[in-house]
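Residues per chain, in single letters:
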Amino acid sequence: MDDKKMSVVIFGATGDLTRRLLFPAIYRLYAHGEWVPTRVIGYAMEDWSQEKFCGHIEENLKNFVAEFDPAVWGKLKQFVSYQSGDLQVKSLARLKSQVQGPAVFYLGLPPQLFSQAASGLGQAGLNEEASGWRRLVIEKPFGWDFDSAEALGKALEPWWKEDQIFRIDHFLGKDTAQNVLVFRFVNRLMESVWNGAHIAQVQITYAETLGLEGRWQYYDKAGALRDMLQNHLIQLFALVAMEPPSEWDSTDLHNHKAEVLRSVRQIPEGKVGEFAVAGQYGPGSIQDAAVPGYVEEGGIASASHTETFAALKFYVDNWRWHGVPFYLRSGKRMAADYAEIAVQLKPVPPKLFGEGLADWLVFRMKPDEAIDLVMWAKKPGLEQETKQVILSAPYKKAGENDYSAYEQLLLDVLKGDQSAFPRFDEVEQAWKIVDPVLKAWAGRAPEVYAAGTQGPEGQERLMDPGLSWRPLGD
């Protein structure tokens, strides 16, 4: 296949996603020699000229790419064009003359337009693969609940095969997510203890000090549960809990992830409060600066019940994880920008050195990416006393290229590798897990927590006896 005939069509090309993430990723890949000369066609409603579109992209590249080089952009710009149009079939059909050969259609659109765009492309014949493969990329959210996810799947089904659909979850492009699998399945020592006989609990945390940052229209409809847990954190959970695949194959990988998601115990109706906690940030301070509460933010109604913090506990009913609680939480305006997957081993008997001591294996995602093994050793001196030691392995060394999640995932789309893209049955199962919580929370006010803190106090009630949340940034 001649790569020079390949086209990448970005819908919503004048929008925020394109300027902040997609074009910076394309630029960096091109600058590093990873992106072959490929036609990039911007498509949006705005009646812009090609010169205006390229000027818009250049201005934003200067803001979002630290190493921006006008000479590199001058070369890449030769492959960039722009076409204005709506999502009607007649308008989309005008792309056929420009798209001949392999093509990617990236829907950087509001989620309510996914179905219309996907079906319109199909009706225009742009899904047909007579002259080369055709791939459709969809950003989250994949629905707003189980029913809407099902509706989206049915809208795509007549026009796009599952092997043509790439559902982007940028967390799965992060080194941390990919390293969970490598660390588990390459190191024999890990597999021997990766089960309920040795593991006490698993915590997956994604905390932000940021507030809405201009995303209030989307966020006030979504909330933390839809925005973070249903997709990103549940996908990370699946990587931690899945069975080992027999080979590195996307179908095998998806089968094992779907299997463990099906094994998650359904949250009992009427007992959601024992398994889920919602919070909403109130006034507080971040880095000694006063910040308003959520309902005081511009655009937010004073009676909004949208949760800015969500925590879940669930169990996996299979042999490997019997009795092990999994905790997932994410929140805005928290005490630290910190994200991790933390696996706690069960404590040793307390007789030898007093209290029973437990080890932690921590996959850190931010503020930097690393693996920490938290263990215990003897303190220097004459007494037999213990101290905590941390063996830390950073992912990136000086001089190594640092690729963003979008860069990794864009390359995977071009290669047709679906390993890091959730399959539809994974999306369905994730919605089945959170749907009872969404229904229970509807119309209920979340617990208020002060901005800049560890989150709502109610999250502690989720913890099994003897367990506690790790402090943010611990």
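Along each chain, residue indices are assigned from 1 in the same order as the chain's sequence is written. Where totals are concerned, whole chains, interfaces and linings use all residues; where local detail is concerned, this predicted model gives features only for residues with pLDDT of at least 70, and gives and counts side-chain atom pairs only at 80 or more. Calculation of side-chain values draws on the structure's entire complement of heavy atoms; hydrogens and water are dropped beforehand.

**So, the overall build of the chain**
- The way it works is that DSSP assigns letters per residue, a run of H or I at least four long becomes a helix, a run of E at least two long becomes a strand, and they are numbered from the N terminus. Secondary structure summary: the chain contains twelve helices and 17 strands in total.
- It is over C-alpha atoms that the radius of gyration is taken, and the globule rule equals 2.2 Å times the number of residues to the power 0.38. The globule rule puts the C-alpha radius of gyration for 474 residues at 23 Å, and the 24 Å found for the chain is close to it.
- In terms of principal-axis extent, the alpha carbons of the chain reach across some 75 × 50 × 45 Å.
- Under the scheme applied here, a residue whose accessible area is under 20% of the maximum for its type counts as buried, over 50% as exposed, and between as partly exposed, the area being computed with a 1.4 Å probe on protein chains only. Within the chain, the proportion of its 474 residues that are buried is 55%.
- Within the chain, residue pairs in contact and separated by at least 24 positions form 77% of the contacts whose partners lie at least 6 positions apart.
- In these tables, accessible area is a Shrake-Rupley quantity obtained with a 1.4 Å probe, and a residue counts as shielded only by the protein chains included in the view. For the chain, the exposed surface amounts to about 21,500 Å²; the carbon and sulfur share of it is 51%.
- This count recognises Lys and Arg as positive and Asp and Glu as negative, with His and chain-terminal groups excluded. Positions of charges follow a simple convention, taking NZ of Lys, CZ of Arg, CG of Asp or CD of Glu. The chain carries 50 positive and 63 negative side-chain charges, and their two centres are separated by 2 Å. Contacts are assigned to residue pairs with any non-hydrogen atoms lying within 4.5 Å of each other.

**Focus on the pairing of strand β14 (residues 360-366)**
- The element β14 is extensively covered by neighbouring structure, given that seven of its seven residues are classed as buried.
- Pairing analysis gives five bridges linking β14 to strand β15 (residues 370-378), with the strands arranged antiparallel. Bridging across to β15, arginine 364 finds its partner in alanine 370.
- Pairing between two strands is assigned when DSSP locates at least 2 bridges connecting them. Remark: three residues form the turn of the hairpin made by β14 and β15, two consecutive strands paired antiparallel.

**Observations regarding the packing of aromatic side chains**
- By convention, a stacked pair of Phe, Tyr or Trp rings (six-membered ring in the case of Trp) has centres within 6.5 Å and planes under 30 degrees apart, an edge-to-face pair has planes over 60 apart, and any other such pair is tilted. Per the stated rule, a full pass over the model turns up 19 aromatic pairs.
- Relative to phenylalanine 326, the ring of phenylalanine 314 lies with its centre 6.5 Å away and its plane at 20 degrees, an arrangement referred to as stacked. Linking phenylalanine 314 in strand β11 (residues 309-315) with phenylalanine 326 in strand β12 (residues 325-331), this pair joins segments that are twelve residues apart in sequence.
- Given the relative accessible area of 1%, phenylalanine 314 is considered buried.

**A few points about the pattern of salt bridges**
- In what follows, salt bridge is the name for a side-chain nitrogen of Lys or Arg lying within 4 Å of a carboxyl oxygen of Asp or Glu. Per the counting criterion, the structure on display carries 20 salt bridges.
- For lysine 366, the salt bridge goes to aspartate 337, with nearest N and O atoms at 3.7 Å. Of this pair, lysine 366 sits in strand β14 while aspartate 337 sits in the loop between β12 and β13 (338-345); the two residues are 29 residues apart in sequence, bridging distant segments of the chain.
- Given a relative accessible area of 34%, aspartate 337 falls into the partly exposed group.
- Between arginine 364 and aspartate 372 there is a salt bridge, with the nearest N and O atoms lying 2.6 Å from each other.

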